[in-house]
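Overview (structure and organization)
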Amino acid sequence: MNFRDLVYRLYARRVEGRLDHDQVPKHIGVILDGNRRWAKASGGSAVQGHQAGADKISELLGWCSETDVEVVTLWMLSTDNFDRPEHELKPLLGIIENTVRNLAADGRWRVHHVGTLDLLPAGTQLVLKEAEQATSHVDGIIVNVAVGYGGRQEIADAVRSLLLEHSERGTTFEELAEIVSTDLISEHLYTRGQPDPDLVIRTSGEQRLSGFMLWQSAHSEYYFCEVFWPAFRKVDFLRALRDYAARHRRYGA
């Protein structure tokens, strides 16, 4: 261990020692941004960047487990990402599939897919479904893997699901108009039954949500981190938690 690593570990331990676990967010959303830029800066390929980003996920979940986080949502592939060239998208999907398999095999996480399955190749759909089934009994952190996810698409899918459900019940349009509410729509989101994210972290220095959990993040706190996702360290994570704990959440009051 060199001097720099020693100083880093001591600093991380200091930040962690001052962390109030009663103020830790229960649900954290993470926009895993900067894989390609990290790879370019280090002389690697986009695929190498995506793989490095995937390898970082297990570290993050370990840190979350140590700090009593209950739900983590990982934005791994957006609906906009389907516009990328085939030579990049195909290996990226392969990396995502392997990552989801590893999360399920770990035994500590309960994997849940959020996104539109129909947009994904059949093989990716199967991996996501099998991971959910294999971990449905796990009493650990819920890990939402956002694959083929878009915030606007989620809201559209929720409204469509709501309309279809009440159509099957025979509810008239007038009756539905009387009862529709934010709570009713929330029951049809990909994350139904889960708490909304308390904290949303985005790496790479970009300061926008890009459509991530538009409905659920109405009262979320945001933390924008300058480092690219593959270079995200435990101390960066702890700083985000410390920053969150120092805020006074008023929920519009």
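All residue numbers here refer to positions counted from 1 along the written sequence of the relevant chain. Where totals are concerned, whole chains, interfaces and linings use all residues; where local detail is concerned, this predicted model gives features only for residues with pLDDT of at least 70, and gives and counts side-chain atom pairs only at 80 or more. Working from all heavy atoms in the structure, the side-chain values ignore hydrogens and water.

- Looking at an unreviewed UniProt entry, the protein chain carries the name Isoprenyl transferase, with the source organism given as Streptomyces microflavus.
- UniProt positions are given in the numbering used here, feature names are shortened, and annotations may be inferred rather than shown by experiment. As recorded by UniProt, the Function (unreviewed entry) comment attached to the protein chain reads in full: "Catalyzes the condensation of isopentenyl diphosphate (IPP) with allylic pyrophosphates generating different type of terpenoids."

1. Focus on the side chain of Asp157
- Within the secondary structure, Asp157 is located in helix 6 (residues 151-169).
- Accessibility here uses a 1.4 Å probe with only protein chains present; expressed as a share of the type maximum, an area under 20% marks a residue as buried, one over 50% as exposed, and anything in between as partly exposed. By relative accessible area, which is 16% here, Asp157 ends up buried.
- Throughout this description, a polar contact denotes any pair of N or O atoms lying within 3.5 Å of each other; where both atoms belong to protein, one of them has to be capable of donating a hydrogen while the other can accept it, and for residues adjacent in sequence the pair is counted only when both atoms sit in side chains. Within the local environment of Asp157, its side chain forms a polar contact with the side chain of Thr116, the two groups lying 3.1 Å apart. Note on conventions: DSSP H or I runs of at least 4 residues are helices, E runs of at least 2 residues are strands, and numbering of each starts at the N terminus.

2. Notes on the pattern of salt bridges
- The term salt bridge refers to a side-chain nitrogen of Lys or Arg lying within 4 Å of a carboxyl oxygen of Asp or Glu. Taken as a whole, this structure holds 16 salt bridges when the rule is applied.
- One salt bridge in this structure joins Glu59 and Lys56, with 3.3 Å as the shortest N-O distance. Of this pair, Glu59 and Lys56 both sit in helix 3 (residues 46-66), three residues apart, which is roughly one turn of that helix.
- A salt bridge links Lys234 to Glu66, with the nearest nitrogen and oxygen atoms 2.9 Å apart. Here the residue Lys234 occupies a position in helix 9 (residues 234-246), and Glu66 occupies one in helix 3, the gap between them amounting to 168 residues.

3. Description of the environment of Lys26
- With respect to the helices and strands, Lys26 occurs in the loop between helix 1 (3-17) and strand 1 (27-31).
- Spatially, the C-alpha atoms of Lys26 and Asp68 are 7.3 Å apart, while their sequence positions differ by 42 residues.
- Residue contacts are counted whenever heavy atoms from the two residues lie within 4.5 Å of one another. Contacts of Lys26, omitting those with residues within four sequence positions, involve Asp68, Val69, Glu70, Val71 and Asp198.

4. As for helix 5 (residues 122-135)
- With 14 residues, helix 5 ought to run about 20 Å at 1.5 Å a step, and its terminal C-alpha atoms sit 20 Å apart, in line with that.
- Of all the residues in helix 5, the buried ones are Thr124, Gln125, Val127, Leu128, Ala131 and Thr135. Considered in projection along helix 5, the buried side chains sweep an arc of 165° and stay on one side of the axis. Exposed side chains of helix 5 directed beyond 90 degrees from the buried face belong to Ala122 and Gln133. To estimate the expected span of a helix, subtract one from its residue number and multiply by 1.5 Å. In this context, the arc is that of the directions from the helix axis out to the C-beta atoms.

5. Details of the sheet that holds strand 1
- Ordered by their spatial adjacency, six strands build an open sheet running 3-4-2-1-5-6, and the pairing between neighbours is parallel. Looking at strand neighbours, the two that pair on one side only are strand 3 (109-114) and strand 6 (221-224), the edges of this open sheet. Here the strands of the sheet are splayed against their neighbours by 20° on average, with no regard to which way each runs.
- Alignment of strand 2 (residues 71-78) against strand 4 (residues 141-149), held across seven bridges, turns out to be parallel. Across the sheet, residue Ser78 finds its bridge partner in strand 4, namely Tyr149.
- The axes used here are C-alpha line fits, helices contributing only the stretch in contact, and every angle between their N-to-C directions lies in the interval 0 to 180 degrees. Packing of helix 4 (residues 86-106) onto the sheet brings it into contact with strand 2, strand 3 and strand 4, and relative to strand 2 it is tilted by some 160°. Strands pair, by our definition, only if DSSP identifies at least two bridges between them.

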